[in-house]
Amino acid sequence: MSVAPRILVVEDNPMNLELVRDILTAEGYEVLEAADGATGVAIATLERPALILMDLQLPRLDGLEAARLIRADPRLAGIPIVAVTAHAMKGDDEKARAAGCDGFVTKPIQVREFAATVAAFLKGTKSGSGPA
Ligand code: MN
């Protein structure tokens, strides 16, 4: 039986999703996927993954709003949310944190850095609030 941490990837871009999936599976994680914000919230609620990687630009419900909904659910407390965005706009980092995200990664994704960031959040060493 696998004890691999389960990571939810909320990403609407198939190429980005494939890249992230490849990185995470190569690291031995189990990957859950959602292609829009509403589905991301639903899967987070049902599956309670160890970590959520949240694209900010998403259909149906954007990543910030999805993060707010997840943070508003006490059953999901302690699950770190890392925002992932192609738009490295000044202020996105603060918006993500204000929405309840614990960290922020910008695209294009750097494989080693991304894997290290994921590992750090799973260990709870990267976040101010950290996993419960
Ligand atoms: Mn997107």
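Numbering of residues begins from 1 in every chain and follows the order in which that chain's sequence is written. Local features in a predicted model are, by the rule used here, given only for residues with pLDDT of at least 70; side-chain atom pairs are given and counted only at 80 or more, and totals for whole chains, interfaces and linings are based on all residues. The basis for the side-chain values is all heavy atoms of the structure; hydrogens and waters are excluded.

K.L.:
So what's going on with empty space enclosed by the protein? Which residues, and what values?
P.N.:
Gaps between atoms show up when a probe of the same size as a water molecule is rolled over them. The way it works is a 1 Å grid over only the protein atoms, where trapped points that fit a 1.4 Å probe form a cavity and open points with protein on both sides within 12 Å along at least five of seven lines form a pocket, and then any residue with an atom within 4 Å of a point lines it. Grid points are joined across faces, edges and corners, and a volume is the space filled by probe spheres set on the points. Tallying each qualifying case throughout the model produces 1 cavity of 30 Å³ or more. Each pocket or cavity is described by its volume, and for the largest cavity that value is around 40 Å³. Along the walls of the largest cavity sit Val9, Val10, Glu11, Val20, Leu53, Met54, Asp55, Val84 and Phe114, which together make up its complete lining. Going along the chain from the N terminus, every DSSP run of H or I of four or more residues is numbered as a helix, and every run of E of two or more is numbered as a strand. Taken together, the elements giving at least two residues each to the lining of the largest cavity come down to strand S1 (6–10) and strand S3 (51–55). For the lining of the largest cavity, the element with the highest residue contribution is S3, accounting for 3 residues. Per-class residue counts for the lining of the largest cavity are 7 nonpolar, no polar and 2 charged. Classification used: nonpolar for Ala, Val, Leu, Ile, Met, Phe, Trp, Tyr, Cys and Pro, charged for Asp, Glu, Lys and Arg, polar for all others including Gly.

K.L.:
Which residues make up the pairing of S3, and what values go with them?
P.N.:
The side chains of a regular strand alternate between the sheet's two faces. Of all 5 residues in S3, 5 are buried; the element is thus mostly enclosed. On S3, burial covers both faces: Leu51, Leu53 and Asp55 on one face and Ile52 and Met54 on the other are all buried. Where S1 lies against S3, 4 bridges are found, and the strand directions are parallel. Opposite Ile7, over in S3, you have Leu51 as the bridge partner. Taken together, the 4 bridges between S3 and strand S4 (residues 81–85) define a ladder with parallel strand orientation. Summary of the burial criterion: residues with accessible area below 20% of their type's maximum are buried, those above 50% are exposed, and those between are partly exposed, where the area comes from a 1.4 Å probe applied to protein chains only. Whether two strands pair depends on DSSP finding at least two bridges between them.

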